[in-house]
Amino acid sequence: MRITQSMLANNMLKQITRSYEKLDQYQTQLSTGKKITRPSDDPVVAMKGIAYRSNLAEVEQFKRNFSEAYNWVENSDSALDKATQALQRIRELVVQASNDTYEETQRQSIAKEVRQLTEHLVTIANTKVGDKYIFNGAKTTEPPVTVNPDGTISVSTNSQQLNIELAKGIYIPVNIPPSTAFGAGSGLFSDLQNLAASLENPSTTGNDLTGYLDKLDSHLTNLLGVRAELGARMNRIELMEDRIDSQQVIAEKMLSDNEDVDLEKVITDLKTQESVHRAALAVGARVIQPTLVDFLR
Amino acid sequence: MLSTFHGLEAARRAMMAQQAALYTTGHNIANANTEGYTRQRVQLKATPPFPTPGLNRPNIPGQMGTGVEASSVERVREYFLDIQYRGENSKLGYWEARADAVSKMEDIMNEPSDSGLAKTMDQFWQALQDLSTHPENEGARSVVRQRGLAVVETFHYLSNSLAQIRTDLGTQIGTTVTEINSLLNQISALNERIAEIEPNGYLPNDLYDERDRLIDQLSQYMEIGVEKHPTGGNALPMAEGTYDVYVMNGSAKVYLVQGRTASVVSFSDGSDVDGDGVKEMPPDLGINTLDVSGTTVSFFSLPNGKLRGLIEGYGYQTGTDASGQPIVKGLYPDMLANLDKLAYTFGKVFNDVHQQGYGLNGSTNHPFFGGIGAVSGAANTIKLAADIDDLANIAASTKSGETGNGNNAINLANVRSLLLSNATVSLQDGISVNLASLNLPLSSGTVETNYQGWIGQLGVDGEQANRMKSNSEILRQSVEEKRQSVSSVSLDEEMMNMIKFQHAYNAAARQITVIDEMLDKLINGMGVVGR
């Protein structure tokens, strides 16, 4: 083949351009940390990349939902814990008062304490977390327990479950309906109001008061049951969180495996390409050879 | 008898011929870096010897040589390599245009990234999930509205930008057609000059070079064929003649240049923007056929070339649908149509779920998205419904009056993964979507997987275009190298020739001195015996 000067020059230019292209590719990979910057670099990686990102976004969202779920369950549990303590105090008072040795004024003051504790329980039932009443089903903007003008206390019957999606298609109820916690109708509160009234009534005997103990016990058992249920839910949520945590790690790993560069490899490639490029330039300097002209007088 | 001055004449001829060869060497060196230049060689030929046979020939021992003449100046070129080069050049033109169109689309779609449509949609779904945990919260509602707005705006941005690039492609087609027409005119003008010169027995080498260079240029726009026609008169046998340039329309040749006449390429249903009477801008809808001076050429019969690459990006009509509307295909029209389908499907399904839910104020049957009356153009017209200006109308609840009920927000968030192939889909709390009755343009996969599929397809198209582009680039380069190997000027070679011709010239001059001395002897040195 006949080779001329212009062919050498053209070829050299093409090789150096090609070398620059590779340098550019490696430098882009290094500075972005990604194997690809556009779908045509690798369509499969690009397509998977979109899916993995969506997947990761979903898992991250579920992670966010967990803190909401904890918020609900923990606040409900702590409120019901306070309610249990108040009920236990009432029970102690009733046990004291049922001694017939207690005189009227002493029972009067116990009655006062019972009324105070009842009000305390109303506040507990109307616990607000943020701007929500947590014990009123889906009507979170209205208090579940209201004190009527005639002094009676009524409990709402809203029993809608509030679900939070904690994994794809898995909805966990997070709220305790008012009727479950504080008895349907006005259960707990009417019992307490009756109790206070009985304490105030001088004709009440110790025996009459003992009758209230059974009722208080049943309410306490009920509260314990509800708290046990909350505890079980809490456990379930924790287990699910463990699973979502590992899912998140997997999703991040898949995303990274799919599109992140292997830095050691790219740096090595870049270094190799750099030396190749230097060689190409050195060769280029020699392409412009002396011609016959230089040797002719 | 030989003439007394025979030797002088032979030496003079030698000097003239070597001089011509030296001048040509100079021309070659001068054009060593000229694009499209073919090195030239002077054909040296011995002049007819003396005597020629005949009755009155002189009786001398054998024929005597009479010297040399420069019979012609020729190009050193291989026509077959030109054909190969032009073939590869058309392929390169096609794949370059296609790779460029795909690459621009990739820039606009910007996937995979943290700012494409997929990410915007993800954020919208996330906002809905957040709303499901705080349905009574104005802030959560406001975020849903804003993220919804971001989705709508992303659809608009993608649709508008793609349409803009498509318009740019149209302009590029217009420029290309103008360029093609200008090349055709130049080629026919060169044909005319060549046809004037050749019958005189000359070889217009530099005009040949220019014509070949123009045809090389033309070959990147469309795949062409060349026919040679001798010009007659006293044209030399190696004269190239005039070139007819044609494209194939099916099995028929359509001539772009025929001798001195150039055809005009245009779009009969296009428009003329530069006022030269040629409709070089393609029709808005998409290209139907090319018009070559009245002959209709189907765009599909252009196998290669930049023009076809551009047209495939811009869009072309493949016939009419049932209602008589033209069906337009092509890289950009397809993606625009896909976005329309996506926006329409997404908006319709989302609205269907939204309208079944209840807002904070207990109201129901509010659409979330508006502007999706028709599939065509939906990506550009989709907007937030006016109802959503009141944040309380966002239907997070599945029941009226339940402010803390966020179950419908979960349903809305799950529209992303709803299988479009199902006839009906049941969601939480008794809400179900009758997909069959919505008449959606997408009927498989989910909203998300459809989009992923298109991006994948775009990537595959781009990968193929880039690969074919670099392949045809390498092939063209290899042919170009072969061509250069034959035709390009080598300075060393020219130097050698220069010295060769210089020596021959000097020797011929010396020959004259010798003959001069010989004649001097004869004329001045003889017949002086005894004087």
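Residues numbered from 1 in each chain as written. Chains lettered and ligands numbered in written order. Predicted model: local features only at pLDDT ≥ 70, side-chain atom pairs only at ≥ 80, totals over all residues. Heavy atoms only, no water.

1. Here we look at the overall build of chain A
Threshold: A run of H or I in DSSP becomes a helix once it reaches four residues, and a run of E becomes a strand once it reaches two; helices and strands are each numbered from the N terminus. When a residue's accessible area, from a 1.4 Å probe over protein chains only, is under 20% of the maximum for its type it is buried; when over 50% it is exposed; and in between it is partly exposed. A 1.4 Å probe and the Shrake-Rupley method give the accessible areas. Residues count as covered only by the protein chains that appear here. Counted as positive: Lys and Arg. Counted as negative: Asp and Glu. His and the chain ends are not counted at all. Lysine's charge is taken at NZ, arginine's at CZ, aspartate's at CG and glutamate's at CD.
Counting its secondary structure elements, chain A contains seven helices and six strands. Reading chain A from its N end, one meets helices and strands in the order α-α-α-β-β-β-β-β-β-α-α-α-α. Its C-alpha atoms give chain A principal-axis dimensions of about 145 × 30 × 30 Å. For chain A, the residues scored as buried account for 43% of the 297 residues in total. Here chain A has roughly 15300 Å² of accessible surface; of this, 53% comes from carbon and sulfur atoms. Here chain A carries 32 positive and 39 negative side-chain charges, and the mean point of each set is 14 Å from the other.

2. Notes on the nonpolar core
Put simply, the test is: The term nonpolar core refers to a set of buried residues drawn from Ala, Val, Leu, Ile, Met, Phe, Trp, Tyr and Cys, joined through side-chain atoms within 4.5 Å. The contact definition used throughout considers only heavy atoms, calling two residues in contact when any of these lie within 4.5 Å.
Judged by nonpolar contacts, the single largest core of 105 residues is most densely connected at B:Met109, B:Phe124, B:Phe155, B:Phe346, B:Phe350 and B:Phe369. Residue contributions to this core peak at 17 residues, all from helix 4 (residues 138-197) of chain B. The contacts of B:Met109, once residues within four sequence positions are left out, are B:Gly116, B:Leu158, B:Leu162, B:Met335, B:Leu339, B:Tyr451, B:Ile455 and B:Leu458. Formed by 57 residues, the second largest nonpolar core is a distinct cluster that contains A:Val59, A:Ala125, A:Val174 and A:Leu220.

3. A few points about the packing of aromatic side chains
Aromatic rings considered in pairs are described by the distance between their centres and by the relative angle of their planes. Rules: Put simply, two rings from Phe, Tyr or Trp (the six-membered ring, in Trp's case) pair if the centres are within 6.5 Å, and we call them stacked under 30 degrees between planes, edge-to-face over 60, tilted for the rest. Definition used: whenever NZ (Lys) or CZ (Arg) falls within 6 Å of the ring centre and also within 35 degrees of the ring normal, the charge is taken to sit over that ring.
Taken as a whole, this structure holds 19 aromatic pairs over all chains when the rule is applied. Here the aromatic rings of A:Phe182 and A:Phe189 are separated by 6.0 Å at their centres, their planes lie at 35°, and the arrangement is tilted. On the accessibility criterion, A:Phe182 (1% relative accessible area) is buried. Aromatic pair B:Phe300 and B:Tyr316: ring centres 5.4 Å apart, planes at 90°, arrangement edge-to-face. Highlighted residues: B:Phe300 in the loop between strand 9 (295-298) and helix 6 (306-314) and B:Tyr316 in strand 10 (residues 316-320), separated in sequence by 16 residues. The exposure class of B:Tyr316 is buried, given its relative accessible area of 15%. An aromatic cluster of three or more residues is present, and its members are B:Phe124, B:Trp125, B:Phe155, B:Phe346, B:Phe350, B:Phe368 and B:Phe369. Against the face of B:Tyr314 rests B:Arg166, its NZ or CZ located 4.3 Å from the ring centre.

4. As for the UniProt feature "domain: Flagellin C-terminal" (unreviewed entry) in chain A
Test applied: UniProt positions are given in the numbering used here, feature names are shortened, and annotations may be inferred rather than shown by experiment.
UniProt's feature table lists "domain: Flagellin C-terminal" (unreviewed entry) at residues 213-295 of chain A, given in the numbering used throughout. Secondary structure across residues 213-295 of chain A divides into 87% helix and 0% strand, with the first and last C-alpha atoms of the span separated by 124 Å.

5. Considerations on the layout of surface pockets
Residues and elements named next belong to chain B. Quick note on the threshold: The distinction between a cavity and a pocket rests on a 1 Å grid over the protein atoms alone: a 1.4 Å probe fits inside a cavity but cannot get out, while a pocket stays open yet meets protein on both sides within 12 Å along at least five of seven lines, and a residue with an atom within 4 Å of a point counts as lining. Grid points are joined across faces, edges and corners, and a volume is the space filled by probe spheres set on the points. We call Asp, Glu, Lys and Arg charged. Ala, Val, Leu, Ile, Met, Phe, Trp, Tyr, Cys and Pro are nonpolar, and the rest, Gly among them, are polar.
As a volume, the second largest pocket reaches approximately 650 Å³. For the lining of the second largest pocket, the elements supplying multiple residues, two or more each, are helix 4, strand 11 (326-329) and helix 7 (331-356). With seven residues, helix 7 is the largest single contributor of residues to the lining of the second largest pocket. Residues that form the lining of the second largest pocket fall into these classes: nine nonpolar, six polar and six charged.

6. As for the pattern of salt bridges
Short version of the rule: Should a side-chain nitrogen of Lys or Arg be within 4 Å of a carboxyl oxygen of Asp or Glu, the pair is scored as a salt bridge.
According to the stated counting rule, one finds 48 salt bridges over all chains in the structure shown. With its nearest N and O atoms 2.8 Å apart, the salt bridge here joins A:Arg89 to A:Glu113. Of this pair, A:Arg89 sits in helix 2 (residues 43-97) while A:Glu113 sits in helix 3 (residues 104-125), and the two are 24 residues apart along the sequence. On the accessibility criterion, A:Glu113 (28% relative accessible area) is partly exposed. B:Glu312 is paired through a salt bridge with B:Arg308; the nearest N and O atoms lie 2.9 Å apart. Note that B:Glu312 and B:Arg308 are positioned in helix 6 at a spacing of four residues, about one turn of the helix. Residues B:Glu312 and B:Arg308 agree in their burial class; the two are buried. Taken together, the shared-partner salt bridges connect B:Arg75, B:Arg77, B:Asp82, B:Arg86, B:Asp209, B:Asp212, B:Asp216, B:Lys228, B:Glu240, B:Glu480 and B:Arg483 into one network.

7. Describing the interface of chain B and chain A
Definition in use: Note: buried area is the sum, over both parts, of the accessible area (probe 1.4 Å) each one loses when the two are combined. For the purposes of these results, a polar contact is taken to be a pair of N or O atoms within 3.5 Å, where, inside protein, one atom must be able to donate a hydrogen and its partner to accept one; residues adjacent in sequence count only when each atom of the pair is a side-chain atom.
Contact with chain B, which involves 58 residues of that partner, is made by 49 residues of chain A. A buried area of about 4600 Å², summed over both sides, lies between chain B and chain A, and 48% of it is on carbon and sulfur atoms. Of all residues in chain B, the largest losses of buried area upon contact with chain A belong to B:Pro112, B:Thr133 and B:Gln452, amounting jointly to 13% of the total for that side. At the junction of chain B with chain A, the criterion picks out seven salt bridges. A:Arg38 is paired through a salt bridge with B:Asp107; the nearest N and O atoms lie 2.4 Å apart. The interface formed by chain B and chain A holds 33 residue pairs in polar contact (both at pLDDT 80 or more) in total. The element best represented in the side of chain B that touches chain A is helix 11 (residues 447-487) of chain B, accounting for 18 residues. Of the residues belonging to the side of chain B that touches chain A, the class tally is 13 nonpolar, 27 polar and 18 charged.

8. Looking at empty space enclosed by the protein
Across all of its chains, the model carries four cavities of 30 Å³ or more by this definition. Here the largest cavity defines a volume of roughly 100 Å³. Lining the largest cavity are 14 residues, with A:Glu58, A:Gln61, B:Trp125, B:Gln129 and B:Arg416 sitting closest to its centre. Of all elements in the fold, only helix 2 of chain A together with helix 3 (117-133) of chain B reach the threshold of two or more residues within the lining of the largest cavity. Considering only enclosed or pocket space, the second largest cavity measures out at about 80 Å³ in volume. Those elements that provide at least two residues to the lining of the second largest cavity are helix 2 of chain A together with helix 3 and helix 11 of chain B. Across the lining of the second largest cavity, the residue classes tally to seven nonpolar, two polar and two charged.

9. Quick look at the domain arrangement of chain A
Going by this rule: The split into domains, and so the bounds of each, comes from an automatic or database assignment of domains.
Taken domain by domain, chain A holds domain 1 (3-34 + 268-293) and domain 2 (64-253). The distance between the C-alpha centroids of domain 1 of chain A and domain 2 of chain A comes to 79 Å.

10. Observations concerning the confidence of the model for chain A
What counts is decided by this rule: As a per-residue quantity, pLDDT reports the predictor's confidence and falls between 0 and 100.
The pLDDT averaged across chain A works out to 87; a share of 99% of its residues lies at or above 70. Here helix 4 (residues 178-182) of chain A stands out as the least confident element of chain A, with mean pLDDT 82; helix 2 of chain A is the most confident, with 91.

11. Considerations on the sheet that holds strand 9 of chain B
All names here are of chain B. Filter applied, for reference: When DSSP locates at least two bridges between a pair of strands, those strands are taken to pair.
In spatial order, the strands read 7-8-9; together these three strands make up an open sheet with antiparallel pairing. Every interior strand has two partners, whereas the edge strands, strand 7 (265-266) and strand 9, have only one. Pairing of strand 7 with strand 8 (residues 289-292) involves two bridges; the strand directions are antiparallel. Note on strand 8: the bridge partner recorded for Val-265 is Val-292.

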